[in-house]
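# Observations on chain architecture
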Amino acid sequence: MSNSSSGNVGIVIVSHSSKIAEGAADMVRQMVGNAVPLAWTGGDTDGGLGTNVAGILEAIEAAWSSAGVAILVDLGGAETNSEMAVEMLAEDRRARVVVCNAPVVEGAVIAATESSGGSSLAAVKRSAEEFYA
Amino acid sequence: MHDVNASRASNAFVPLMASAVLVNAVGLHARPSVKLTQCAKRFAAKIELALAPDGPWTDAKSPVKVMRVKAPQGATLHFRITGPDGTAALAAVLALVHDGFGEA
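Taking an unreviewed UniProt entry as the reference, chain B is identified by name as Phosphocarrier protein HPr belonging to Bradyrhizobium retamae.

Per an unreviewed UniProt entry, chain A goes by the name phosphoenolpyruvate--glycerone phosphotransferase and belongs to Bradyrhizobium retamae. Its UniProt record gives chain A the following Catalytic activity (unreviewed entry) comment, quoted word for word: "dihydroxyacetone + phosphoenolpyruvate = dihydroxyacetone phosphate + pyruvate". Its UniProt record gives chain A the following Subunit (unreviewed entry) comment, quoted word for word: "Homodimer. The dihydroxyacetone kinase complex is composed of a homodimer of DhaM, a homodimer of DhaK and the subunit DhaL."

Structure, rendered in structure tokens:
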């Protein structure tokens, strides 16, 4: 897990596979740079394939920004567990976290690119979701 | 989409046009697209690019749209820039292309 502090929207990567999540985060760091808070989580609590709410909450915390946090997910449980994690946030934070409907790797790079230019959370989400537009 | 006021103000400016040849080996693939959009976003001006002087024009501040252009090495990138900081924006994007986006 890695992060850097700034006023830019934070990016959280959630995959069933910790290798995919970490690899996607590597791509973001190398292609976009360090101007964006970034965290990743992958795997279930036993280290197998899956996702877990506690890990997602930690990642949101690690990538937290006053501008908000955009979450990129891969399949099924990654999305539902991310939504559950968002529900568990304090009320003032909940409205500043969104789950993007975008492919996890491409979406993370695009969302971070948008964020690195100082865009709002809504613009970051919209840009990532252009992949399916 | 990025700034309503900027696009309104840009109506008062004559578009600046220029072109540059993509010199880096892989053309406008993912990494250069990210660099170009990051550069473009630093300016208020409306920045568009195209593979032909008459378009179709692509918003240079949209990483997804820029990647979809899939411009190969040797392609000529045309820029159309409108806005108060258009001159500086044009110089910045042309320098990036001439420099091969910092790649070989």
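From this point, things continue past the structure.
## Structural notes on the environment of B:D99
Residue and element names in this part refer to chain B. Here D99 lies in the segment after α4 (86-98). For D99, a relative accessible area of 49% gives the class partly exposed. Separated by 77 residues in the primary sequence, D99 and L22 place their C-alpha atoms 9.1 Å from one another.

## Looking at the sheet that holds strand β1 (residues 16-21) of chain B
Pairing between sheet strands relies on hydrogen bonds along the backbone, with the strands arranged either parallel or antiparallel. All names here are of chain B. The strand order β1-β4-β2-β3 describes an open sheet built from 4 strands, whose pairing is antiparallel. Every interior strand has two partners, whereas the edge strands, β1 and β3 (58-59), have only one. When β1 meets strand β4 (residues 76-82), the two strands line up antiparallel, connected through 6 bridges. Within β4, the residue paired with M17 across the bridge is R80. In this fold α4 packs onto β1, β2 (46-50) and β4, with an angle of close to 5 degrees to the strand it touches most, β1.

## Topic: the sheet that holds strand β2 (residues 38-42) of chain A
All names here are of chain A. Read across the open sheet, the 4 strands follow the order β2-β1-β3-β4; overall the sheet is parallel. Lying at the two open borders of the sheet, with one neighbouring strand each, are β2 and β4 (97-100). Between one strand and the next, the sheet's axes are offset by a mean angle of 20 degrees, whatever the strand orientation. Bridge count for strand β1 (residues 10-15) against strand β3 (residues 69-73) is 5 bridges, and the pairing is parallel. Along β3, the bridge assignment pairs I13 with L72. Set on the sheet, helix α5 (residues 104-116) makes contact with β1 and β3; between it and β1 the angle comes to about 175 degrees. This element, helix α6 (residues 121-129), spans β1, β3 and β4 of the sheet and lies at about 5 degrees to β4.

## So, the interface of chain B and chain A
In this complex, chain B contributes 15 residues to the contact, which on the side of chain A involves 15 residues. At the junction of chain B with chain A, the criterion picks out 2 salt bridges. A:E130 serves as the salt-bridge partner of B:K65, at 3.8 Å between the closest nitrogen and oxygen. Between chain B and chain A we count 6 residue pairs in polar contact (both at pLDDT 80 or more) in total. Looking at the side of chain B that touches chain A, the elements that each hand over two or more residues are α2 (30-40) and α3 (63-69) of chain B.

## Some words on the pairing of β1(A)
All names here are of chain A. Here β1 lies mainly inside the structure; 6 of its 6 residues are buried. Residues G10, V12 and V14 of β1 are buried on one face, and the alternating residues I11, I13 and S15, pointing to the opposite face, are buried as well. Pairing between β1 and β2: 5 bridges, direction parallel. Considered in β2, the bridge of V12 is made with A39.

Reading the values: the criteria
Residues numbered from 1 in each chain as written. Chains lettered and ligands numbered in written order. Predicted model: local features only at pLDDT ≥ 70, side-chain atom pairs only at ≥ 80, totals over all residues. Heavy atoms only, no water. UniProt positions renumbered as here; feature names shortened; annotations may be inferred. Helix = DSSP H or I, 4+ residues; strand = E, 2+ residues; numbered from the N terminus. Buried < 20%, exposed > 50% of the residue type's maximum accessible area, 1.4 Å probe, protein only. Pairing = 2+ DSSP bridges. Contact = heavy atoms within 4.5 Å. Axes fitted to C-alpha atoms, helices over the stretch in contact; angles between N-to-C directions. Salt bridge = Lys/Arg side-chain N within 4 Å of Asp/Glu carboxyl O. Polar contact = N/O pair within 3.5 Å; in protein donor to acceptor, adjacent residues only side chain to side chain.

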